[in-house]
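Breakdown of the fold
What follows is the residue order along each chain.
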Amino acid sequence: MDLEYVISIHESGHVLAAYLLGIPIQFVSLDSNPPQTRYAQDLCEICISKRLMVILGGWAATEVMGLNRELWCKQMEGHDRDLQQAGHMVKEKWGEHSLTPIICATKRALVCLFCDKTCALKTLSFYLRKCRILTCSQIEEILLLFNLEPFAES
Ligand SMILES: [Zn+2]
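In short, a report on the structure. For clarity, every value in this text was computed on a predicted model and none was experimentally measured.

Quick look at the nonpolar core now. One finds Val15, Leu16, Leu56, Ala61 and Leu121 to be the most contacted residues of the largest nonpolar core, which totals 35 residues. Listed by contribution, the elements that provide at least two residues to this core are helix H1 (3–20), strand E1 (25–29), helix H2 (48–64), helix H4 (77–94), helix H5 (99–114) and helix H6 (118–131).

What follows is the structure, given as structure tokens:
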């Protein structure tokens, strides 16, 4: 286990959440500082519930992979930054009292969404570490293997 593995799973989570929600991705890079997933659409144009899912997708990926208890995870600034960003968005939109319930509900929804997709997360993370950067078409090629259903809002 190493930090780069944890980071690659975290970024794969952002990629997978965006892919399932139909949000176009430009690329994901392990070598940029900090590592990042870049979207081809301004996330501000997307409804807040989907935006929260994409932002917390990194957290959810390491959660379903059983990594959130790892020391490496606790050292990751990306995790904290995402949680803070999500927290600010919720507070601004719905007020302080909504923070815990909405963040918890989003995390639960993501864990449900990802729990049978650990294979896709591992494969994305494998190629990301190998290639360092994955473009939109490479991501699509990889994820087509898994025949994933788009996320349907109930
Ligand atoms: Zn992140």
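On to the packing of H1 against H2. Running from N to C, H1 and H2 point in directions that differ by 135°, and their axes come no closer than 7 Å. With respect to H2, the axis of H1 lies oblique. Both H1 and H2 take part in a crossing whose hand is right-handed. Along its contact with H1, which presents Val6, Ile9, His10, Glu11, Ser12, Gly13, His14, Leu16, Ala17 and Ala18, the element H2 presents Met53, Val54, Gly57, Gly58, Ala60, Ala61 and Thr62. In the contact of H1 with H2, the residues fall into nine nonpolar, seven polar and one charged.

Attention now moves to the sheet that holds E1. Pairing is antiparallel across the open sheet formed by three strands, whose spatial order is E2-E1-E3. Taken across any chain shown, the strands that pair with only one partner, and hence form the sheet edges, are strand E2 (36–39) and strand E3 (133–135). On average, each strand axis in the sheet is tilted by 10° relative to the strand beside it, whichever way the strands run. Where E1 lies against E3, three bridges are found, and the strand directions are antiparallel. Within E3, the residue paired with Ser29 across the bridge is Ile133. Each of E1 and E3 is contacted by helix H7 (residues 136–144), which is oriented at about 85° to E3, the strand it contacts most.

This part takes up the pairing of E2. As a general feature of sheets, a regular strand has side chains that alternate between the two faces. Strand direction decides the pairing type here: E1 and E2, joined by four bridges, are antiparallel. Following the sheet pairing, Phe27 is matched in E2 by Arg38. Connecting E1 to the next strand, E2, in antiparallel fashion are six residues.

What counts and what doesn't
Residues numbered from 1 in each chain as written. Predicted model: local features only at pLDDT ≥ 70, side-chain atom pairs only at ≥ 80, totals over all residues. Core = buried A, V, L, I, M, F, W, Y, C linked by C-beta atoms within 7 Å. Buried ≥ 20, exposed ≤ 12 C-beta atoms within 10 Å, placed from the backbone. Helix = DSSP H or I, 4+ residues; strand = E, 2+ residues; numbered from the N terminus. Axes fitted to C-alpha atoms, helices over the stretch in contact; angles between N-to-C directions. Parallel < 35°, antiparallel > 145°, perpendicular 65-115°, else oblique. Left-handed = near helix turned anticlockwise from the far one by under 90°. Contact = placed C-beta atoms within 7 Å. Nonpolar A, V, L, I, M, F, W, Y, C, P; charged D, E, K, R; others polar. Pairing = 2+ DSSP bridges.

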